Amino acid sequence: MKTSASPGAHVITTKTVLTEQSHKSYRPLTVLTFRWNYAIHGLQPAGYHLVNLLLHALVSLLYYRVCAMFLPEFASFVAAILFVVHPIHSEAVTGVVGRAEMLSSVFFLGALLCYARAASRRRHTDWRYVVACTACVGVAMLCKEQGITVTAVCVVYEIFVAQKRRSSSGRSWLEYWGKGGWGYACGEAARRVATVCCATLALLAARLHVMGAQLPVFTRFDNPAGASPPPARHLTFAYLPALNAWLLTLPEALCCDWTMGTVALLQSWRDPRNMATLGLAVMLVAGTIHALRTRSSALSMGLALLVLPFLPASNLFFPVGFVVAERVLYMPSMGWCLLVAHGWRLVAKKQAKLAAGALVFLLLAFSAKTYIRNWDWKTEYTIFASGLKVNRNNAKLYNNVGHALESEGKYGEALEFFKIAVNVQPDDVGAHINVGRTFNHLGKYQEAEAAYVKAKSLLPKAKPGESYQARIAPNHLNVFLNLANLISKNATRLEEADLLYRQAISMRADYTQAYINRGDILIKLNRTKEAQEVYERALLYDSGNPDIYYNLGVVLLEQGKASQALAYLDKALELEPEHEQALLNSAILLQELGAADLRHIARQRLLKLLDKDATNERVHFNLGMVCMDEGDAECAERWFRAAVHLKPDFRSALFNLALLLADRRRPLEAAPFLKQLVRHHPDHIKALVLLGDIYINSVKDLDAAESCYRRILELEPDNVQALHNLCVVAVERGKLAIAEECLTRAAVLAPHEHYIQRHLSVVRTRLAAVSLTNSNTRPSDGSDAEVRARWNYIPQQPPDPHESDPS
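Residues numbered from 1 in each chain as written. Predicted model: local features only at pLDDT ≥ 70, side-chain atom pairs only at ≥ 80, totals over all residues. Heavy atoms only, no water.

1. Side note on the overall build of the protein
Rules: The way it works is that DSSP assigns letters per residue, a run of H or I at least four long becomes a helix, a run of E at least two long becomes a strand, and they are numbered from the N terminus. Under the scheme applied here, a residue whose accessible area is under 20% of the maximum for its type counts as buried, over 50% as exposed, and between as partly exposed, the area being computed with a 1.4 Å probe on protein chains only. Whether two residues are in contact is decided by their heavy atoms: any pair within 4.5 Å suffices.
Looking only at helices and strands, one finds 36 helices and two strands in the protein. Out of the 807 residues belonging to the protein, those deemed buried represent 49%. Residue pairs in contact within the protein that sit at least 24 positions apart in sequence constitute 66% of those at least 6 positions apart.

Here it is as structure tokens:
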């Protein structure tokens, strides 16, 4: 999308941006570590993966310390080594975004260890460790929300471990609680638990404040069960924990995406998968009862670590944006590994060889699967393609394979996957958008429009009194933008495009991109005042968006308000100092304002752009224009040559370089650049005029000059300058009669151009002299050669010497 600035100025491109609706994931400490990585090595992946591996190693060491509180040394080692190689961790450790799981786990385990130290004394609490515990809870939550569940784990530790250890008799925990433990529980233990719980509630309140006391919005494609009516909703959500438990136990069929149709809904009680739900419930209840009876610390804490960290992602209390996510099993796997190690220890007491063989087999199997799974994560294509081997009912996987191919420019192959996605999930708006976008890349605009229209028809319809924004995925609104961008290529359909943008805005008032794109359409419709109002309205929703200020600058340039436009461009640079378009166009505007101090600022901004991208030919060209304005011809020539080198068909750079060389009396050097310009842009009239003049004055090639002028007259039959110069060619050839006829026509076209009248008079005088000479028998002093020698006027370039960049 391009918007022309004021007449004669450079064309300025508006910029678009999309801010998606948040999923309410406030993880500032995780983001901070990513910023540190980026500051050190940019987007090179090795550094991010190294940090993830180091974090996984740290978590494993802390986990070993935790296990050692409940198991013997070797059994603790078994639990830790199982945790290290468990294939379910591949997504969290190998996928960079999984860092949130590991960072949160570090402080999760730190909080538990601190609480254990605080509760380790029989009579008094070490409150330093309680404070450290609450701090770790807060930090864990700031890494990932799941970290707050450590408070519940600490409570379980207090009740089932710390209080059990304080029972000096052999009575069961229930007897201890009923017959003597109550007094102490109301003392130090109660204060410990109350302190940690109150601090957690305060953190939770702060978290809810950050979220705006609202749950994030998800679509039925993200979590189909969440949008399903009972009993499918409840039966499916109840089944998902059993599916997760199965993945922990047998992590063979791993998939990077479990949304959409991956897990078919449980529509009735007769679905056999309900047996898995029932089986898991029975095992958890039986395990809990057994832990109470046997007072087993390992069993009770294993169950707590397995169940409690999983609850926020279980869909049982509130819907989340996924069906299954392997990365969220990072913490629950601690409980699973602890339970397996505990069971292995019991088996090893009776069947040592069997236990050893089973352990070796399990470790080898897990290690091999983890190794293979890491290769799946090598590229976007390989990870999504591996998902299709596990599940072919997930349209999102087909879409993501298509995206990976599309990013490599393989649009034909990508289109096939997008079409399969449409077949698998016909009501997936995003799949139809992908089909339309790919058709657009392939130049099949009618097919693209049809796909966008189909996607638009699938959007949910608004109901009276219901907010549309809460019922539609923000990225699905892209269909309005994509369709509008497509049809706006036809200048007769701009009003139709504007209507689409207005529809998108009516569905989501804070849809910034729709405002920006609509403003561009209004500029094309020459409704700049409305465009200004649209951008100003967008600022109400996103006052820190530099692109909106940039586009306001474009609008004000359209209105001829250069100083106000510059103020908005400067504001965009204040918000984003590296904003390339604002840097370039503000530099051009500063240059055109003409003041010497402003040209200095323009040069600085252009040089800053050059540091960012030395291959941008427009920057080189505009640096040359700055040098021209400062009268430094050598500097200008150097920058123009650089621009032409980078872009051999750069219209403005070629012409200005040729004009500069011609003005410096180097016409033979200018001619090749003019020929190059005319070869790429055969309709460049100024170049043809200047080239024709060089052919006449320097090369003495009248045929080439005549060809230039006739080409101009083909493009502009009434071009007086070309017609006049064609007359000059006739004079140079001694064809005075043709020259008189030519000049007569030029005089009719431009009766107020005195030089044409004067030259016509000279030609007629010479014709009269030739006629008189021909009537005499003696040789004449007014021969054709003499006439050509006395003709001394060849018009040069028009007064405006430069041509601005139209690209």
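On we go from here.
2. Things to note about the packing of aromatic side chains
One pair of aromatic rings is described through two measures. These are the centre distance and the angle between the planes. Applicable threshold: Each pair of aromatic rings taken from Phe, Tyr and Trp, with Trp reduced to its six-membered ring, is defined by centres within 6.5 Å and is described as stacked if the planes are under 30 degrees apart, edge-to-face if over 60, and tilted in the remaining cases. In this scheme, Lys NZ or Arg CZ marks a charge over a ring once it lies within 6 Å of the ring centre and within 35 degrees of the ring normal.
Per the counting criterion, the structure on display carries 13 aromatic pairs. Measuring from centroid to centroid gives 6.0 Å for Tyr515 and Tyr541, while their planes differ by 25°, and the two rings are stacked. On the criterion of sequence distance, the pair formed by Tyr515 in helix α21 (residues 512–524) and Tyr541 in helix α22 (residues 528–541) is long-range, its members being 26 residues apart. Each member of the aromatic cluster is reached from another via a ring pair, and the members are Tyr63, Phe83 and Tyr330. One cation-aromatic arrangement involves Arg273 over Tyr239; the distance from NZ or CZ to the ring centre is 5.4 Å. Sitting over the face of the ring of Phe650, Lys647 holds its NZ or CZ atom 5.6 Å from the ring centroid.

3. Notes on the UniProt feature "repeat: TPR" (unreviewed entry) in the protein
Defined as follows: UniProt positions are given in the numbering used here, feature names are shortened, and annotations may be inferred rather than shown by experiment.
Residues annotated in UniProt with the feature "repeat: TPR" (unreviewed entry) correspond here to residues 395–428, 429–462, 512–545, 546–579 and 617–650. In the segment residues 395–428, helix accounts for 79% and strand for 0%; the C-alpha atoms at its two ends are 8 Å apart. Secondary structure content for residues 546–579 is 79% helix and 0% strand, and the end C-alpha separation is 8 Å.

4. Thoughts on unusual backbone geometry
A cis geometry characterises the amide bond from Pro230 onward to Pro231, with omega recorded as 0°. Topologically, Pro231 is positioned in the loop between α8 (173–211) and α9 (232–249). At Arg665, a position not held by glycine, the phi torsion is positive, near 60°. Here Arg665 shows up in the loop between α29 (651–663) and α30 (667–680). A relative accessible area of 75% means that Arg665 is categorised as exposed. A positive phi angle, near 60°, is found at Lys700, a position not held by glycine. Structurally, the position occupied by Lys700 is in the loop between α31 (685–699) and α32 (702–715). For Lys700, a relative accessible area of 60% translates into the label exposed.

5. Some thoughts on the environment of Arg766
Along the polypeptide, Arg766 turns up in helix α35 (residues 754–775). Its relative accessible area of 25% is what places Arg766 among the partly exposed residues. For Arg766 and Leu736, which are 30 residues apart along the polypeptide, the C-alpha to C-alpha distance reads 7.9 Å.

6. Some remarks on the nonpolar core
Stated formally: For the purposes of this section, nonpolar cores are sets of buried Ala, Val, Leu, Ile, Met, Phe, Trp, Tyr and Cys residues that join through side-chain atoms within 4.5 Å.
Of all hydrophobic cores here, the largest spans 222 residues; its most connected members are Tyr63, Tyr157, Met301 and Phe480. Top contributing element to this core by residue count: helix α5 (residues 99–118), with 12 residues. With near-sequence residues (within four places) excluded, Tyr63 lies in contact with Ala79, Ala80, Phe83, Leu109, Met334, Cys337 and Leu338. Listed in part, the five residues of the second largest apolar core include Ala313, Val320, Phe322 and Val328.

7. Topic: the state of the cysteines
In a disulfide, the sulfur atoms of two cysteines are covalently bonded to one another. Definition in use: The disulfide definition used here is simple: a pair of cysteine sulfur atoms within 2.5 Å.
A full pass over the atoms with the stated rule returns two disulfides. For Cys627, the disulfide goes to Cys635, at an S-S distance of 2.0 Å. You'll find Cys627 and Cys635 in the same group, each marked buried. Cys727 shares a disulfide with Cys742; S-S distance 1.9 Å. Judged by the sign of its S-S torsion, about -85°, the bond between Cys727 and Cys742 is left-handed.

8. Quick word on the packing of helix α11 (residues 297–307) against helix α12 (residues 332–350)
Which entries qualify depends on this criterion: Axis definition: a line fitted to C-alpha atoms, over the contacting stretch in the case of helices. Angles run 0 to 180 degrees between N-to-C directions. By definition in this entry, angles of less than 35 degrees are roughly parallel, angles greater than 145 are roughly antiparallel, angles of 65 to 115 are roughly perpendicular, and the rest are oblique. The handedness criterion is simple: a crossing whose near helix is rotated anticlockwise from the far helix by less than a right angle is left-handed, and one whose near helix is rotated clockwise is right-handed. Under the grouping applied here, Gly and all other residues not named as nonpolar or charged are polar, the nonpolar ones being Ala, Val, Leu, Ile, Met, Phe, Trp, Tyr, Cys and Pro and the charged ones Asp, Glu, Lys and Arg.
Packing of α11 against α12 leaves a shortest axis separation of 6 Å and a crossing angle of 155°. Judged by the angle between their axes, α11 and α12 are roughly antiparallel. The crossing of α11 and α12 is left-handed. Contacts from Ala298, Leu299, Met301, Gly302, Leu303, Leu305 and Leu306 of α11 reach α12 at Pro332, Met334, Gly335, Trp336, Leu338, Leu339 and His342. When the residues that make up the contact of α11 with α12 are grouped by side-chain class, the tally is 11 nonpolar, three polar and no charged.

9. Considerations on the pattern of salt bridges
Pairs can form between side chains of opposite charge whenever their charged atoms are close. Here is the rule we go by: Throughout this description, the term salt bridge denotes a Lys or Arg side-chain nitrogen within 4 Å of a carboxyl oxygen of Asp or Glu.
Across all of its chains, the model carries 36 salt bridges by this definition. With a shortest N-O distance of 2.8 Å, Glu669 and Arg666 are connected by a salt bridge. With a shortest N-O distance of 2.8 Å, Glu706 and Arg710 are connected by a salt bridge. Separated by four residues within a single helix, Glu706 and Arg710 lie in helix α32, roughly one turn from each other. For Glu706, a relative accessible area of 17% corresponds to the buried category. One salt-bridge network, in which partners are shared between bridges, spans Glu637, Arg641, Arg664, Arg666 and Glu669.

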